[in-house]
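Geometric and topological summary
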Amino acid sequence: MFELVATKPFDGQKPGTSGLRKKVTVFQQPHYAENFIQSIFDSLEGFVGKSLVIGGDGRYYNAHVVQLAIRMAAANGFGKVIVGQGGLLSTPAASHLIRKRGAFGGIILSASHNPGGPDGDFGIKYNAGNGGPAPEKITDAIFAKTKVISTYKTLEADDIDINTVGVIKLANTEVEVVDPVADYAALMQSLFDFDAIADLFKSGFKMKFDGMGAITGPYATRIFEGIFGAAGTVMNGTPLPDFGGHHPDPNLVHAKELCDLVLSPNGPAFGAASDGDGDRNLIIGRGMYVTPSDSLAIIAANAQLAPAYSKGIAGVARSMPTSCAADLVAKKLGVPSFETPTGWKFFGNLLDAAMATVCGEESFGTGSNHVREKDGVWAVLMWLNILAKRRETVEQIVKSHWREYGRNFYTRHDYEEVDLARANGLMTRLRGSLPGLVGKGGIVKADDFSYRDPVDNSFTEGQGIRLIYDNGSRIIYRLSGTGTAGATLRVYIEKYEADAAKHAQETQSALAQLITQANGIADIEAQTGRAAPTVIT
Ligand code: VG1
Ligand code: CO
């Protein structure tokens, strides 16, 4: 019944910021997904007889890869596979399930915020026993295995029924199909004051949540509409293989329908959205969009309003390009703040060691020590908990935060699908110009960010070019590690403003001077052929 299939290595199966992401058509090549999954197993030790969690965001090709992953897990000797019903699990729910069941690890099928459908993207990611994305040590080992693979192990067996909750035997392996939402909803209930939130809704508070045709629909429907009784809250709540044509990236551009609604004068008081795999969040109040960096800082400052964090937080961690707003909160709370490279995998050690409790990224990612992934619905519930306790509007909460701490004006300009060679050329040229930039126009530091993990001492370099000014302003350039076509140049721009009288400025105009400098220093138009960014957040 076990089958050893001969195969040859594929080029480029290198995990990026968050797993291996490629066009669906690339994954559809015979043996492509199998090679990567076998390489994951080949880089791990000691899993025979143990459990593996498998699930994905429901995008096109999910159903196919879930089945082959189950067969391969069984053939490779896992004693148990825990799979979400219908092959579905949001990324944070998968992280929770790994931890709750003491699984050896998990395979998450997702390309997250990347578009789906037959012409869209697909992805595979391995999470370790702590529930978090595999650290670089493991992803490097997986990549090394993909270069030498010659066979993979599978079973000769038909697809099994994963649409019904229950247990199925596949060869020597037990496959348990679980409700993808139940455990996660129970975890949320243990963290937040659900009674206070339900009361908020009873008082007439209105919210819209945009599932963007992706994985969070069932989670949001069960929690917001089911538990809180807020009927009519969820829009685009059914996960679809092509996300209903949505680009499930919860930002002002792709969640426009939601934002227009909430920003309108008679709109709901609160709006939120999540991405393809449920780990990102967009927070917007009537008349007030909250930047992810501000959201992280506000959550850190108010976390003690939620039962699970009532004794305070141990520390705050943010990715390097995320604004420094959270650092100011940590300082006031008297707890440490950490600055890590981009990607949630770098928070894992800090969370495991209880050095940080709340973490966040400027890319709409916020989370805590409750799982080892960022968590979209968690962030929305945290905001609801804060709103329920403070009984102020989102706008009032944000503005009073700025009055207390000052405002970190912040924007990110993305230049998508730039020619790869030109993008690399821009970065190389920029790197070469760094020594000459110090001392010019107030720049006090110009470097390529590197990070030494304080827990395991691992070292990572080349994580983004930063220009730091004497007044704390920052310009950061890096190339995306999640795209599947050409290169995406990300330019992050930040300026601190202590004076409350200047907090009302529009973001792009407040940052205009720095934006011009950012474009000029990297010579973006000449180097990329692009006169303007494709997405501004
Ligand atoms: C992007 C974000 C990063 C995030 C990563 C995965 O990576 O910038 O902050 O951790 O996506 O998020 P990059 O390399 O493209 O900048 V998700 O929700 O796509 O898993
Ligand atoms: Co995601």
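Calculation criteria
- The written sequence of each chain sets the order in which its residues are numbered from 1.
- Naming scheme: in the order in which they are written, chains are lettered from A and ligands are numbered from 1.
- Note on the predicted model: pLDDT of at least 70 is required for a residue's local features to be given, and 80 or more for side-chain atom pairs to be given and counted; whole-chain, interface and lining totals, by contrast, use all residues.
- Hydrogens are left out, water is left out, and the side-chain values use all remaining heavy atoms of the structure.
- Distances are taken per atom, and a residue is near a molecule or strand as soon as one of its heavy atoms is within 4 Å of it.
- Each polar contact in these results corresponds to two N or O atoms within 3.5 Å; when the atoms are within protein, one needs to be able to donate a hydrogen and the other to accept it, and residues that are neighboring in sequence are counted only if both atoms are side-chain atoms.
- Put simply, Ala, Val, Leu, Ile, Met, Phe, Trp, Tyr, Cys and Pro go in the nonpolar bin, Asp, Glu, Lys and Arg in the charged bin, and everything else, Gly too, in the polar bin.
- Orientation is described by lines fitted to C-alpha atoms, with helices fitted over the stretch in contact, and by angles between N-to-C directions that extend from 0 to 180 degrees.
- Helix and strand assignments come from DSSP, with helices taken as H or I runs of at least 4 residues and strands as E runs of at least 2, each series counted from the N terminus.
- Should an angle lie under 35 degrees it is considered roughly parallel, over 145 roughly antiparallel, and from 65 to 115 roughly perpendicular; all remaining angles are considered oblique.
- In a left-handed crossing the near helix is turned counterclockwise from the far helix by less than a right angle, and in a right-handed crossing that turn is clockwise.
- Should any heavy atoms of two residues lie within 4.5 Å, those residues are considered in contact.
- Note that domain bounds follow an automatic or database assignment of domains.
- Buried area adds together the accessible area that both of two parts lose upon being put together, with accessible area traced by a 1.4 Å probe.
- The term salt bridge refers to a side-chain nitrogen of Lys or Arg lying within 4 Å of a carboxyl oxygen of Asp or Glu.
- Each residue is assigned to one of three classes by its accessible area relative to the maximum for its type, calculated with a 1.4 Å probe on protein chains only: buried under 20%, partly exposed between the two thresholds, exposed over 50%.
- In short, DSSP must find at least two bridges between two strands for them to pair.

1. Considerations on the site of ligand 1
The full set close to ligand 1 counts 20 residues, and Thr17, Ser112, His113, Ser363 and Thr482 are the nearest of them. Contacts to ligand 1 include Glu361, whose side-chain N or O atom sits 2.7 Å from an oxygen atom. Arg478 is positioned such that a nitrogen or oxygen atom in its side chain is 2.7 Å from an oxygen atom of ligand 1. Of the residues belonging to the shell around ligand 1, the class tally is no nonpolar, 10 polar and 10 charged.

2. A short note on the packing of helix α2 (residues 32-42) against helix α3 (residues 62-75)
At a closest axis distance of 11 Å, the pairing of α2 and α3 adopts a crossing angle of 40°. In terms of axis orientation, α2 runs oblique to α3. Between α2 and α3 lies a crossing of right-handed hand. Contacts between α2 and α3 pair Ala33, Glu34, Ile37, Gln38 and Phe41 from the former with Val65, Leu68, Ala69, Met72 and Ala73 from the latter. Class assignment of the residues belonging to the contact of α2 with α3 gives a composition of 8 nonpolar, 1 polar and 1 charged.

3. Looking at the domain arrangement of the chain
Here the domain parsing of the chain yields domain 1 (2-178), domain 2 (184-405) and domain 3 (407-536). Computed from C-alpha atoms alone, the centre-to-centre distance between domain 2 and domain 3 is 25 Å. If you look at the interface, domain 2 gives 27 residues, while domain 3 gives 24 residues. Summing both partners gives a buried area of about 2200 Å² for domain 2 against domain 3, and 61% of it is carried by carbon and sulfur. Per-residue buried area on domain 2 facing domain 3 is highest for Met320, Asn349 and Trp402; these three make up 27% of the total on that side. Counting across the interface, domain 2 meets domain 3 through 3 salt bridges. When the shortest N-O distance is used, the salt bridge between Glu339 and Arg474 registers 3.3 Å.

4. Some remarks on the pairing of strand β23 (residues 465-469)
Burial within β23 is extensive, with 5 of its 5 residues counted as buried. Burial along β23 is two-sided: Ile465, Leu467 and Tyr469 facing one way and Arg466 and Ile468 facing the other are all buried. Both strand β20 (residues 443-448) and β23 contribute to a ladder of 5 bridges, which runs antiparallel. The partner of Ile443 across the bridge, within β23, is Tyr469. Across 4 bridges, the pairing between β23 and strand β24 (residues 474-479) is antiparallel. Considered in β24, the bridge of Leu467 is made with Ile475. In textbook terms, the turn of a hairpin is the stretch between consecutive antiparallel strands, and for β23 and β24 this stretch comprises 4 residues, one of which, Gly472, has a positive phi near 95°.

5. Quick notes on the sheet that holds strand β16 (residues 337-340)
If you walk across this open sheet you meet the 4 strands as β16-β15-β17-β18, and the pairing is mixed. Of all strands in the sheet, those with a lone pairing partner are β16 and β18 (365-368), marking the two edges. In this sheet, adjacent strand axes meet at a mean angle of 15° when their direction is disregarded. Summarising the sheet, strand β15 (residues 316-319) and β16 pair through 4 bridges and their orientation is parallel. Counted as the bridge partner of Ala317 is Phe338 from β16. Helix α10 (residues 292-302) contacts β15, β17 (358-361) and β18 of the sheet and is inclined by roughly 170° relative to β17.

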